[in-house]
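Listed below, chain by chain, are the residues.
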Amino acid sequence: MKYLLVVLVLSLVSLKVQGQNYTVHNTGKSYLGLLGGMNFSIPRITDRYSVLTSAEEKFEKEYDKFGKTKGAQFGLQYSYNFTTAIAVLIGVGYETLGFKYFTNYSWVDTLEKQEFAREMHHIQKISYFTVPIQAKWEITRGQFTPFVQGGVYMDFRHQATKIIHYDNTIDQEETENQLSYSPQVSIKEDTRKFNLGLTGGVGMSYHTKYATFGLESNFRYGFFDVVNDETRYTDRNGFALLYLDVLDQLKLSSLNVQASVSIPLNNAVRSNIMRKTKYYKKR
């Protein structure tokens, strides 16, 4: 592992040094990119709901910490450079977000004095078609350059599912030898169709004559409620009755990491976007 880290660091240094041999000149150029990666959902609970209530709040849901709920995204992106540094990005993609929480219940048989316990891990996943619109600023003009970007996004729900993992030991862990599962069912009608939010992030681009490669991380902050309040208690799938559970109201944000490759829509060699640094300085 140490040797691999050394190789990666040396490779990045080599790319950066090599990148100083050229400057990028792509004013007025358009690119079509393919990108994909993974994300980590961040639910923000605004209202709590339950089937049963208790003065001790025993039935309140406990949500997984950040990093426990992973998803993926991929998409296409069109970009147009107004200048070498400033570009506008318009994309269309597909992403899966989610949220997980833990509940537990226990009862005591007053006749036999036996205790019955059930621990449940609720897993919800929601898939969206997403349309981000962003502005991008490349901080330097070299072949290897950092950038910042930001804008808005619109999410259109495609599908949503829920499954519950449960066992009979209350320890906030899934006990493998006791684990069983509910059916995976659609909760599409229990979630809202549209979301809107802000997005922003940082990254690094590596330009060549034929393509541009990128690595970036973005934070997405959702504005709208995710759960449909009108259908919370309709219980089409039996969760409220069988598992004593209904969804809280929440908003979804996420942090993603993704790689990209973009190709110019005109011939990059003929467009002459790459020039030797020495040549550029003389000019």
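Details of the structure are given in the entry above.
Residues numbered from 1 in each chain as written. Predicted model: local features only at pLDDT ≥ 70, side-chain atom pairs only at ≥ 80, totals over all residues. Heavy atoms only, no water.

A. Structural context of the nonpolar core. Formed by 13 residues in total, the largest nonpolar core has its most connected members in F99, I126, V226, L247, L250 and L252. Counting residues per element, the ones that place at least two in this core are β5 (86-108), β6 (115-138) and β12 (249-264). In terms of residues, this core owes the most to one element, β5, which gives 3 residues. When sequence neighbours within four positions are dropped, the list of residues in contact with L247 reads Y49, F99, Y101, Q124, K162, I187, D190, V227 and R232. Counting residues in hydrophobic clusters, the runner-up holds 8 residues, among them M120, I164, F239 and Y243. (Core = buried A, V, L, I, M, F, W, Y, C linked by side-chain atoms within 4.5 Å. Buried < 20%, exposed > 50% of the residue type's maximum accessible area, 1.4 Å probe, protein only. Helix = DSSP H or I, 4+ residues; strand = E, 2+ residues; numbered from the N terminus. Contact = heavy atoms within 4.5 Å.)

B. Region of interest: the pairing of strand β7 (residues 144-167). Where β6 lies against β7, 20 bridges are found, and the strand directions are antiparallel. Following the sheet pairing, H122 is matched in β7 by I164. Hairpin connection between β6 and β7: a loop of 5 residues separates the two successive antiparallel strands. Summarising the sheet, β7 and strand β9 (residues 185-186) pair through 2 bridges and their orientation is antiparallel. The residue of β9 that forms the bridge with K162 is V185. (Pairing = 2+ DSSP bridges.)

C. Spotlight on the pattern of salt bridges. Counted under the stated rule, the structure contains 10 salt bridges. When the shortest N-O distance is used, the salt bridge between D229 and R192 registers 3.3 Å. Here D229 is found in the loop between β11 (212-222) and α2 (239-242), whereas its partner R192 is found in the loop between β9 and β10 (194-207), with 37 residues between them in sequence. Owing to a relative accessible area of 33%, R192 belongs among the partly exposed residues under this scheme. Where D225 meets K251, a salt bridge forms, and the shortest distance between an N and an O atom there is 2.9 Å. Residue D225 is located in the loop between β11 and α2, and its partner K251 is located in strand β12; the two are separated by 26 residues in the primary sequence. In this structure, a network of salt bridges that share partners links the residues R48, K61, K162, D245 and D248. (Salt bridge = Lys/Arg side-chain N within 4 Å of Asp/Glu carboxyl O.)

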